[in-house]
2 protein chains.
Amino acid sequence: MSESMDMSRMCSIGLLTHDYYDDLDNFIVQAEGAGHDFVVTPISHPTLRRVLNEENTIDKESQENWKDRPVFDRKDLIIKSADQSARAIGLLANWIHLDSPDAEIRLCSELALKQEIDWACHISLTGLIFPSLPTGSLYNTARVINSAVRSMSFTQFLVRVPLTDKSNVQGNIPWKQWNRLRTLAEYNTKIHVALELTSELPTDEQLLDMWLAEPIKAVIVPAEIFVENSKGYPVLSKPHQRFIKKLMDKMKPDMIVTLPTTSIHKLATPSSYSEYITYLNRHLPELQDVDRFATGYQDFLQAPLQPLMDNLENQTYEVFEKDPIKYQQYEKAVYKALLDRVEHDSDYVTTIMVVGAGRGPLVNCCLRASEKSERKVHIYALEKNHNAFVTLQNAKADIWGDKVTLVFADMRKWNPPAKCDILVSELLGSFGDNELSPECLDGAQKFIKENGISIPASYTAFASPLASTRLNNNVAAYKDLVHYETPYVVMFQQVCELAAPKPLWEFSHPNKHVGSDGPINNLHNIRYSQVTFDVNHDMMMNGIAGYFESVLYKDVMISIHPKTHSPGMFSWFPIYFPIRTPVQVPQGSKVTLDFWRLTDEKKVWYEWTVSVHGKQGEEMTVLPIHNVHGRSYYVGL
Amino acid sequence: MSESMDMSRMCSIGLLTHDYYDDLDNFIVQAEGAGHDFVVTPISHPTLRRVLNEENTIDKESQENWKDRPVFDRKDLIIKSADQSARAIGLLANWIHLDSPDAEIRLCSELALKQEIDWACHISLTGLIFPSLPTGSLYNTARVINSAVRSMSFTQFLVRVPLTDKSNVQGNIPWKQWNRLRTLAEYNTKIHVALELTSELPTDEQLLDMWLAEPIKAVIVPAEIFVENSKGYPVLSKPHQRFIKKLMDKMKPDMIVTLPTTSIHKLATPSSYSEYITYLNRHLPELQDVDRFATGYQDFLQAPLQPLMDNLENQTYEVFEKDPIKYQQYEKAVYKALLDRVEHDSDYVTTIMVVGAGRGPLVNCCLRASEKSERKVHIYALEKNHNAFVTLQNAKADIWGDKVTLVFADMRKWNPPAKCDILVSELLGSFGDNELSPECLDGAQKFIKENGISIPASYTAFASPLASTRLNNNVAAYKDLVHYETPYVVMFQQVCELAAPKPLWEFSHPNKHVGSDGPINNLHNIRYSQVTFDVNHDMMMNGIAGYFESVLYKDVMISIHPKTHSPGMFSWFPIYFPIRTPVQVPQGSKVTLDFWRLTDEKKVWYEWTVSVHGKQGEEMTVLPIHNVHGRSYYVGL
């Protein structure tokens, strides 16, 4: 594995201490000397705890005065000045108990928390870490944090959440507390996670992967979870390494290490732990073509293409023609079809029509297949985009010559001079049929001879319930109904599927139900599917992931379904259907998706809804049907 | 019981037939002759069922043509002309099966349904009844209905729902199907219920009352559920009578009777059933003062008063002073306090301060109590509204004389010349403390002598989870966040509580924690309460009902809590806190309300949230905290 020197993938490394350093500057210098970019330290001394006044140590009036105007004594502070801010993240007081059954402790905790936050914001501290969520009720904690972060802009707020609970390594209890908090705080984008790794990791991969859907800003790696290698140096177990690398790769968090209070790894120096983390960071899996291609597009919401209504731009063609896999597969499909349909040495000239030829990549595929198979072909290249058609004319003049006839027409309206043996098209969207391939190919079907074939022969839409705080928030940021009812093309990154995708419906071509004059109406392209998913852990659902698989010809497939994805093919990102409210999915419950593909004279659209049923079949959640009659999103015919 | 002749309470009566009358005009004439205002009849003949083409009775092309343009043959129609529209409600075809497993039957059902709806709208039919919801999955039914009613404006759409399922009289299975439909249709205000009564009624009152929260437009009373009285006439059982009267009283539905196909009640004539329904309608419980006072205010959302920020208008005082009970109770409280505090025949002059005297009703209470108890009093009447103060001056000049000293001041700022024995105020809102009585009385507390008293002595806020389609829709109509996070004062009518109210918090006066100089800050008036309710049936929750109880003095109370409501007192309607999405509450689950009363220097506000937990404690729903930091609603200090 070559060492990746891509600095854009390097995480900052911090050193966390729970000690109270009166000379913080000195500690910062030492930490930097040992390879850390910043330190994590309590903001204030435990002396501030007196404000709880649990033992009536303060007189009533000064207690009341403090409540009215909570001001620090200079000697209470660890982070004393703005000079330290850029190199420090603050730990909020760990004695704060916002859900105490004692109303007075709740109140003083709230005031003290706000006092610390106020100070941190005043000195422009980089970040603040809330030390731990209560194990029981956390409604008041959620209310206070949600209210307190309103005033924070520069300083980031993180909640420390351990990966596992010692009492239950295979459950997701700390996540559940975090989930309660952020649900009560309505996915407040100012509240992040500082995920603390633990010695034990759950063996069920989904209990790790579900964290990829969370707003992790920092990962805490305590010295205690390191083990000693044979040489006496501290290292991490393979599962820890894998998980940390995944987090680095997908989320680029700040990495925070601690130093052990007593020496637990024989040959460890103060820089061993940060060096090991840096080592992992330098050995992330190499970026693939698709990753480079997608830089900046991860979890970004793109409106799906509507090539029937809009003409593509040259740049778009340029990008898609670079796909290393898609045209290989098309070539292979045409090649196999030619072998199947024509005897070797036959003089028969196979007529191929490429409908939607664009700038010609499929024409080239067909010509290569013809050459390789030693079958003669004549190709009609049909295109409705007058700009792309110029490029086709150049190719014909310069390269193709008589083998190719160019036709400037909309495939739904053209009358061909002859019928073809093979109709080749690339009209698929991320959901298969979402760019109206069914309607287009219904229209072009009359070009095909009896027993002629269509490449692709069929395509199937898949869907799965998806968790993603980032996608949830990207949609919510629009603050309107329309964006909650519009599907997006998205390069998934910080997401986690609740269950594996299932097929919704299929389209096959040529369609025997369409007559030789074309279809009278489009009702045969209506689809309705209901699929149910078993969910094994307590999770949240934020939306629906959509994919397609397509049979080009016999065993030649293209797929963006995660399990069968054509390796290296980047022409399609998945499609994402939002839902209007995040949905709680308790362990062992079933998520049901109802999905419709609908049509009227002028448009095609999807409607969808989600319901959740408990173990006993009880109805827990039913969402309203989304995008009623295409009110928010449709594709024009 | 006197016969109420209030015509505004009379329901229309219709006659339903499932027969297919070729001469509908004649049937209408007969029905009107027998005392019916309208008829309910199928729109079309069963012959239309051929469009399902289940036995391939139509050739493919005419089937395709019909699908493209669904047009009626004249002979398919029962309701043939617009002349019949005003006197008829149509029954949609009962063979329509929108959730058939057969896609072709689903499609043709949808087209036939839309064809019938189109015709009904074209002839401006009053209403349409969807004959019955499927017993299994109804997602496609919901999708089709929700989409089809978009184009309906004059014609009303009703879904026939039987009250009970024969297989399970004590469950609410038909309601559950209805609930699924309207949840999927997002409380579409164009979809109503035609509730069909059944012979068996559930004995659990809540299974009846939950229908009061539904958008019932019509009640169907089949002839078969009538019993014969001793004279041979058809009558209804007492429970049926009670339930029908309740529906008439709260919802004023259209009442629809059927005629029996064979004679089942010896002496019944064609008009017996409608006459009996009219008889029940004429014998509704008489309207109370409060009902007359509240006409037009039922389920209407009023913004709560903010008497501290705004001055009340004369008309508002006028209305509230008419309360027959409130001032009786205040008089009684002052009377008992005077008896307790002063010996008979004593010359001691009790100083009473009425803070917020308005136009003087409490001053009059005190004077009457003084007279009745034969205790001497001197009254300070404090008022900050300069307009009301004019009326006070008139009363002093004309009636009160030296017994009353008028003070034009804000009670939070006035310095009294002497302290009082009794401080009397009426600053309560529907939730007790929501008009800032605690803050006002903290300020006025320094007027009270050591061992002096406050009337009221204390007050408690109560809350319960509430179902109400009407309130849900009234809030939703505003289409913004602010209205979902604002409490309203509401005269409840079409509502159903999921469980009995529980107390949240209490305020007592004088407050020992407030010093003689008044409070330094307002933090002692912060409250937080978490209450949990067991819910016995599958229900929906749309919001939170709020009430108060107040101890004026010892056993003298005023209350708007439904269980302890001061009879006839109309000064306060309940308060209603909306929630941002309706919440599914499965049978046997627990609803938890978290409620906060919060304060800063300038304002007081509430925050609230709802969570639902299943039988095993699993978290089914957690709503975001509402009204974060008073962003949508607060009361100014």
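Residues numbered from 1 in each chain as written. Chains lettered and ligands numbered in written order. Predicted model: local features only at pLDDT ≥ 70, side-chain atom pairs only at ≥ 80, totals over all residues. Heavy atoms only, no water.

Going by an unreviewed UniProt entry, chain A carries the name Protein arginine N-methyltransferase and comes from Thamnidium elegans.

A few words on the overall build of chain A. When its secondary structure is counted, chain A shows 16 helices and 27 strands. Across the 637 residues of chain A, 59% fall into the buried class. Partitioning the intrachain contacts of chain A with sequence separation of at least 6 by distance along the chain shows that 81% fall at a separation of at least 24. As displayed, chain A has an accessible area near 26100 Å², and 50% of this comes from carbon and sulfur atoms. Each charge sign in chain A was given a centre, from 63 positive and 78 negative side chains, and these centres are 2 Å apart. (Helix = DSSP H or I, 4+ residues; strand = E, 2+ residues; numbered from the N terminus. Buried < 20%, exposed > 50% of the residue type's maximum accessible area, 1.4 Å probe, protein only. Contact = heavy atoms within 4.5 Å. Areas by Shrake-Rupley, 256 points an atom, 1.4 Å probe, with all protein chains shown as cover. Lys, Arg positive; Asp, Glu negative; His and termini not counted. Charge placed at Lys NZ, Arg CZ, Asp CG, Glu CD.)

Turning next to the UniProt feature "binding site: S-adenosyl-L-methionine" (unreviewed entry) in chain A. All names here are of chain A. Residues given the UniProt feature "binding site: S-adenosyl-L-methionine" (unreviewed entry) here are Tyr317, Lys326, Tyr327, Glu383, Asp410 and Met411. Maximum C-alpha separation among the annotated residues is 23.7 Å over a sequence range of 95 residues, too wide for a single clustered spot. Its place among the elements puts Tyr327 in helix α11 (residues 326-341). Once residues lying within four places of it in the same chain are set aside, the contact partners of Tyr327 are Phe320, Glu321, Pro361, Leu362, Cys365, Arg368 and Glu426. (UniProt positions renumbered as here; feature names shortened; annotations may be inferred.)

Residues and elements named next belong to chain B. With parallel pairing, 5 strands are arranged side by side in an open sheet as β13-β12-β11-β14-β15. Edge positions in the sheet fall to β13 (404-408) and β15 (448-455), since each of these pairs with one other strand and no more. Neighbouring strand axes in the sheet, compared pairwise and without regard to direction, differ in orientation by 20° on average. Note: strand β14 (residues 420-425) against β15, 4 bridges, orientation parallel. Its bridge partner lying in β15, Cys420 is registered against Ile448. Along the sheet, helix α11 (residues 326-341) contacts β11 (349-355), β12 (376-383), β14 and β15; its crossing angle with β15, the most-contacted strand, is approximately 155°. (Pairing = 2+ DSSP bridges. Axes fitted to C-alpha atoms, helices over the stretch in contact; angles between N-to-C directions.)

The next thing to look at is the interface of chain A and chain B. Taken together, the contact pairs 50 residues of chain A with 49 residues of chain B. Surface buried jointly by chain A and chain B totals about 4600 Å² across both partners, of which 54% is contributed by carbon and sulfur atoms. At the junction of chain A and chain B, the tally comes to 6 salt bridges. Across the chain A-chain B interface, the total number found is 18 residue pairs in polar contact (both at pLDDT 80 or more). A total of 6 residues in the side of chain A that touches chain B trace back to one element, the largest contributor, which is helix α4 (residues 139-148) of chain A. (Buried area = accessible area lost by both parts, 1.4 Å probe. Salt bridge = Lys/Arg side-chain N within 4 Å of Asp/Glu carboxyl O. Polar contact = N/O pair within 3.5 Å; in protein donor to acceptor, adjacent residues only side chain to side chain.)

Let's shift gears to the domain arrangement of chain A. Residue and element names in this part refer to chain A. Per the domain assignment, the segments making up chain A are domain 1 (7-286), domain 2 (314-426) and domain 3 (459-636). Between the C-alpha centres of domain 2 and domain 3 the distance comes to 32 Å. At the junction of the two partners, domain 2 supplies 14 residues and domain 3 supplies 14 residues. Counting each side, the surface lost to burial between domain 2 and domain 3 is near 1200 Å², with a carbon and sulfur contribution of 66%. At the surface where domain 2 touches domain 3, the tally comes to 2 salt bridges. In this structure, Lys336 and Asp555 form a salt bridge, with 3.0 Å as the shortest nitrogen-oxygen distance. (Domains from an automatic or database assignment.)

Let's shift gears to the nonpolar core. Ranked by internal contacts, the top residues of the largest apolar core, which has 391 residues, are Trp211, Val221 and Ile455 of chain A together with Trp211 and Val221 of chain B. Once residues lying within four places of it in the same chain are set aside, the contact partners of Val221 of chain A are Leu197, Phe226, Leu236, Ile244, Met255, Ile256, Val257, Thr258 and Ile277 of chain A. (Core = buried A, V, L, I, M, F, W, Y, C linked by side-chain atoms within 4.5 Å.)

Aligned on chain B, chain A shows an RMSD of 0.1 Å; the corresponding rotation is 180° and the shift along the axis is 0.0 Å. In the structure described here, the two chain copies are related by an operation that fits a two-fold rotation axis. No C-alpha of chain A lies nearer the rotation axis than that of Met620 of chain A, which sits 3.0 Å from it. Both copies contact each other with a shared surface, as 98% of the interface residues of chain A are interface residues in chain B too. (Least-squares fit on C-alpha atoms with pLDDT ≥ 70 in both.)

Right, let's talk about the sheet that holds strand β5 (residues 156-162) of chain B for a bit. All names here are of chain B. The strand order β1-β2-β3-β4-β5-β6-β7-β10 describes a closed barrel built from 8 strands, whose pairing is parallel. Each strand axis lies, on average, 30° off the axis of its neighbour in the sheet, ignoring direction. Pairing analysis gives 4 bridges linking strand β2 (residues 38-42) to strand β3 (residues 88-91), with the strands arranged parallel. Each bridged residue has a counterpart across the sheet, and for Pro42 the counterpart in β3 is Leu91. Relative to strand β10 (residues 254-258), helix α8 (residues 272-282) is tilted by about 150°, and along the sheet it contacts β1 (13-16), β7 (216-221) and β10.

The subject of this paragraph is helix α1 (residues 24-33) of chain B. All names here are of chain B. Taken together, the buried positions of α1 are Leu24, Phe27, Ile28 and Ala31. Taken down its axis, α1 places every buried residue within 100° of arc, on the same side. More than 90 degrees from the buried face of α1, the exposed residues found are Val29, Gln30 and Gly33. Check the buried side of α1 and you find it contacts β1 and β2. (Arc of directions from axis to C-beta.)

What follows concerns the pattern of salt bridges. Across all of its chains, the model carries 70 salt bridges over all chains by this definition. Notably, a salt bridge pairs Glu186 of chain A with Arg631 of chain B, separated by 3.8 Å at the nearest N-O pair. Placement of the pair is Glu186 of chain A in the loop between α5 (173-184) and β6 (191-196) and Arg631 of chain B in the loop between β26 (619-622) and β27 (635-636), with the two residues belonging to separate chains. Judged by its relative accessible area of 35%, Glu186 of chain A is partly exposed.

This brings us to the side chain of Asp323 of chain B. Residue and element names in this part refer to chain B. With respect to the helices, strands and loops of the structure, Asp323 is situated in the loop between α10 (314-321) and α11. For Asp323, which is buried and forms no salt bridge, the nearest opposite charge comes from Lys326, at a distance of 6.0 Å. From its side chain, Asp323 meets the backbone nitrogen of Lys326 in a polar contact 3.1 Å long. In contact with Asp323, not counting residues within four places along its chain, are Gly568, Met569, Phe570 and Ser571.

We now examine the UniProt feature "domain: PRMT5 TIM barrel" (unreviewed entry) in chain A. UniProt records the feature "domain: PRMT5 TIM barrel" (unreviewed entry) for residues 36-282 of chain A in the present numbering. The straight-line gap between the two end C-alpha atoms of residues 36-282 of chain A is 16 Å; of that span, 33% is helix and 17% is strand.

What follows covers the pairing of strand β21 (residues 539-553) of chain B. All names here are of chain B. Within β21, 14 of the 15 residues are buried, which leaves the element mostly enclosed by the surrounding structure. Here 9 bridges tie strand β16 (residues 458-467) to β21, and the two strands are oriented antiparallel to one another. For Ser458, the partnering residue across the bridge sits in β21 and is Val551. Two strands pair when backbone bridges link them, and β21 and strand β23 (residues 575-585) are joined in this way by 7 bridges, in the antiparallel orientation. Each bridged residue has a counterpart across the sheet, and for Ala545 the counterpart in β23 is Tyr576. The pairing of β21 with strand β22 (residues 556-559) spans 4 bridges and is antiparallel. Pairing of Val551 across the sheet is with Met557, part of β22. Counting the residues between successive antiparallel strands, the hairpin from β21 to β22 contains 2 residues, one of them, Lys554, with a positive phi of roughly 45°.

This part covers the side chain of Thr41 of chain A. Residue and element names in this part refer to chain A. Along the chain, Thr41 falls in strand β2 (residues 38-42). The class for Thr41 is buried, based on a relative accessible area of 0%. Ignoring sequence-local partners within four residues, the contact set of Thr41 consists of Thr17, Asp19, Leu24, Ile78, Ile79, Ile89, Gly90 and Leu91.

This part covers a negative patch on the surface. Residue and element names in this part refer to chain A. Together, Asp22, Asp23, Asp25 and Asp83 make up a region of like negative charge exposed at the surface. Relative to the helices and strands, Asp22 resides in the loop between β1 (13-16) and α1 (24-33). According to the relative accessible area criterion, Asp22 is exposed, its value standing at 57%. (Patch = residues over 30% accessible without salt bridge, like charges linked within 9 Å, V, L, I, M, F, W, Y side chains within 5 Å.)

A few words now on helix α3 (residues 103-122) of chain A. Residues and elements named next belong to chain A. Look at α3: 28 Å from first C-alpha to last across 20 residues, which is about the 28 Å you get at 1.5 Å a residue. The buried fraction of α3 is high, at 14 of 20 residues. By the N-cap criterion, in which a side-chain oxygen at the helix start approaches the backbone nitrogen of a residue two or three places on, α3 is capped by Asp102, the distance to Glu104 being 2.7 Å. Positive phi appears at Ser124, one or two residues downstream of α3, with a value of about 55°. (Expected span 1.5 Å × (residues − 1).)

The subject of this paragraph is the pairing of β2 of chain B. Residues and elements named next belong to chain B. Extensive coverage of β2 is indicated by the burial of 5 of its 5 residues. As defined by bridge partners, β1 adjoins β2 across 3 bridges and the pair is classed as parallel. Across the sheet, Leu16 pairs through a bridge with Val40, a residue of β2. On the question of chirality, the crossover connecting β1 to the parallel β2 by way of α1 is right-handed. (Right-handed = clockwise from strand over helix to strand, strands pointing away.)

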